[in-house]
Amino acid sequence: MKFNQLVEMTRSCRRFDQKDLPQDFLDSLIEIARICPSARNSQPLKYITIDDQDFMSRLFPNLLWAGALKNWDGPETNERPKAYIAMILDKSISGNAAWDSGIVAQTLQLYAMEQGIGSCILGSFDKKKITELLELDDKHEIQFLIAFGYPLEKRVIVDVKEESDVKYYRDDNEVHYVPKRSVQSLLLRKI
Ligand SMILES: Cc1cc2nc3c(=O)[nH]c(=O)nc-3n(C[C@H](O)[C@H](O)[C@H](O)COP(=O)(O)O)c2cc1C
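Residues numbered from 1 in each chain as written. Predicted model: local features only at pLDDT ≥ 70, side-chain atom pairs only at ≥ 80, totals over all residues. Heavy atoms only, no water.

- In the annotation of an unreviewed UniProt entry, the entry for the protein reads Nitroreductase family protein, and the organism field reads Oceanispirochaeta crateris.

The following block contains the structure:
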């Protein structure tokens, strides 16, 4: 697969097939995260891998899925992620990992999609409850969760029609459309 095709396919996925992920999948995510770039090479991100069914059912109610889809409360029980990774900042190493966490997140999403596995970054959640659930001490701060599973929904990029309207939407067949701005509107100038 060409790289631009992989990037295009790596759309956020929020409804998942219940087929099991490869056994070593979660471990391999940490291997990939380990070799990602890091500001000052400080590597302050730590990870918790999650695929325990009972834990995932306690985690799920604390997540906000697709805030733009007002009439959708997130995946039904039989369409939920098969696994998650929690990305955690070790504050004894650095006070901020915003750039590092973004780089790792997209790298993991691309890695997963190359194997046909869909994913969704989750940055909106009940931070207090998730911190408790993950039993994080004061030194550790949750950044994102990323959900994984084989995709059950079709996701399609469309052009932004009106400059202000970037809201994703779904049609009657549950196809998920993601408006992206045009290249012309992104490229301010060539120098
Ligand atoms: C930092 C960040 C946080 C996000 N948090 C959530 C979230 O809490 N819930 C969710 O359903 N999607 C979340 N997303 C996914 C975005 O909604 C998604 O990237 C956007 O709609 C564009 O779709 P695409 O990923 O298919 O390009 C997040 C994405 C990023 C980059």
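After that view of the structure, there is still more to cover.
## Details of the UniProt feature "domain: Nitroreductase" (unreviewed entry) in the protein
Part 1 of the argument: Listed under "domain: Nitroreductase" (unreviewed entry) in the UniProt record, and renumbered for this structure, are residues 10-150.
Part 2 of the argument: Taken as a whole, residues 10-150 contains 29% helix and 21% strand, while its terminal C-alpha atoms sit 12 Å from one another. (UniProt positions renumbered as here; feature names shortened; annotations may be inferred. Helix = DSSP H or I, 4+ residues; strand = E, 2+ residues; numbered from the N terminus.)

## Observations regarding the nonpolar core
Part 1 of the argument: Counting residues in hydrophobic clusters, the biggest one holds 26 residues, and the most contacted among them are Trp65, Tyr84 and Leu145.
Part 2 of the argument: Of all the secondary-structure elements, those providing two or more residues to this core are helix H3 (53-59), strand E2 (83-90), strand E3 (118-122), helix H5 (127-133) and strand E4 (140-149).
Part 3 of the argument: In this structure Trp65 touches Cys13, Arg14, Phe16, Phe60, Trp72, Gly74, Pro75, Pro81, Tyr84, Cys120, Leu122 and Ala147, once residues within four positions along its chain are discounted.
Part 4 of the argument: Leu21, Phe25, Leu26 and Ala105 belong to the second largest nonpolar core, which has 20 residues in total. (Core = buried A, V, L, I, M, F, W, Y, C linked by side-chain atoms within 4.5 Å. Buried < 20%, exposed > 50% of the residue type's maximum accessible area, 1.4 Å probe, protein only. Contact = heavy atoms within 4.5 Å.)

## Quick word on the site of the ligand
Part 1 of the argument: Within the structure, the ligand sits among 15 residues, and Arg11, Ser12, Arg14, Ala66 and Lys180 are positioned closest to it.
Part 2 of the argument: Between an oxygen atom of the ligand and a side-chain N or O atom of Ser12, the distance comes to 2.6 Å.
Part 3 of the argument: Out of a free accessible area of 620 Å², the ligand has 71% covered by protein chains.
Part 4 of the argument: Of all the secondary structure elements, the ones that give two or more residues to the shell around the ligand are E3 and strand E7 (176-180).
Part 5 of the argument: When residues of the shell around the ligand are assigned to their parent elements, the largest contribution, three residues, is made by E3.
Part 6 of the argument: Split by residue class, the shell around the ligand holds nine nonpolar, three polar and three charged.
Part 7 of the argument: Taken domain by domain, the shell around the ligand gets at least three of its residues from each of domain 1 (3-152) and domain 2 (154-191). (Near = heavy atom within 4 Å. Polar contact = N/O pair within 3.5 Å; in protein donor to acceptor, adjacent residues only side chain to side chain. Areas by Shrake-Rupley, 256 points an atom, 1.4 Å probe, with all protein chains shown as cover. Nonpolar A, V, L, I, M, F, W, Y, C, P; charged D, E, K, R; others polar. Domains from an automatic or database assignment.)

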